[in-house]
Amino acid sequence: QVQLVESGGGLVQAGDSLRLSCEASGRTFSSYAMGWFRQAPGKEREFAAAISPSGALTYYAGSVKGRFTISRDNAKNLVYLQMNSLKPEDTAVYYCAANYWVVVRTASQYNYWGQGTQVTVSS
């Protein structure tokens, strides 16, 4: 069982930066691939970024590549999403998710989810 708690969301202006954090419970965090997803009002949840259990591999959606960076600290059971050059279209609830060992980009394949943190980018 893995419990996830996101933090770091807020209201920012276009062009600003924000760093989201996700803290995981459990002693086997380093065995889980982690993903960040987002869901805007009226839209489906979409993939943003993912990272392998060791942190060696990272994957990004085209809409965030070059602006967002996913990273993790296995010693602290934390995964981060650094978001730079934010745009109004990045406004969404951001969720972190965990999947045992395998890095995937599909939400339905993740077993554990946090409660989400709101990011609002004003123009």
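Residues numbered from 1 in each chain as written. Predicted model: local features only at pLDDT ≥ 70, side-chain atom pairs only at ≥ 80, totals over all residues. Heavy atoms only, no water.

**Description of the pattern of salt bridges**
Phase 1 of the analysis: The final tally for this structure, using the stated rule, is 3 salt bridges.
Phase 2 of the analysis: With a closest N to O distance of 2.6 Å, Arg38 and Glu46 form a salt bridge.
Phase 3 of the analysis: The exposure class of Glu46 is partly exposed, given its relative accessible area of 36%.
Phase 4 of the analysis: Several salt bridges converge on common partners, so that one network encompasses Arg38, Glu46, Arg67 and Asp90. (Salt bridge = Lys/Arg side-chain N within 4 Å of Asp/Glu carboxyl O. Buried < 20%, exposed > 50% of the residue type's maximum accessible area, 1.4 Å probe, protein only.)

**Thoughts on unusual backbone geometry**
Phase 1 of the analysis: The phi dihedral of Asn77 is positive, around 55°, even though this residue is not glycine.
Phase 2 of the analysis: Tracing the sequence through the fold places Asn77 in the loop between β7 (68–73) and β8 (78–83).
Phase 3 of the analysis: Positive phi is not limited to glycine here, since Ser85 has a value of about 50°.
Phase 4 of the analysis: Looking at where Ser85 falls in the secondary structure, it is placed in the loop between β8 and β9 (92–100). (Helix = DSSP H or I, 4+ residues; strand = E, 2+ residues; numbered from the N terminus.)

**Observations concerning the pairing of β8**
Phase 1 of the analysis: Counting buried positions along β8 gives 5 out of 6 residues, so the element sits mostly inside the fold.
Phase 2 of the analysis: Two strands pair when backbone bridges link them, and strand β3 (residues 18–24) and β8 are joined in this way by 6 bridges, in the antiparallel orientation. Bridging from a neighbouring strand, Arg19 pairs with Gln82 of β8.
Phase 3 of the analysis: Pairing between β7 and β8: 6 bridges, direction antiparallel. Each residue of the ladder has a partner; that of Thr69, found in β8, is Gln82.
Phase 4 of the analysis: Hairpin connection between β7 and β8: a loop of 4 residues separates the two successive antiparallel strands, and Asn77 in this loop has a positive phi of roughly 55°. (Pairing = 2+ DSSP bridges.)

**Concerning the side chain of Ser21**
Phase 1 of the analysis: Looking at the secondary structure, you find Ser21 in strand β3.
Phase 2 of the analysis: Ser21 has contacts with Val5, Glu6, Ser7, Trp36, Val79 and Tyr80, leaving out every residue within four places of it along the chain. (Contact = heavy atoms within 4.5 Å.)

Treat this as a map of the structure, not an account of what it does.
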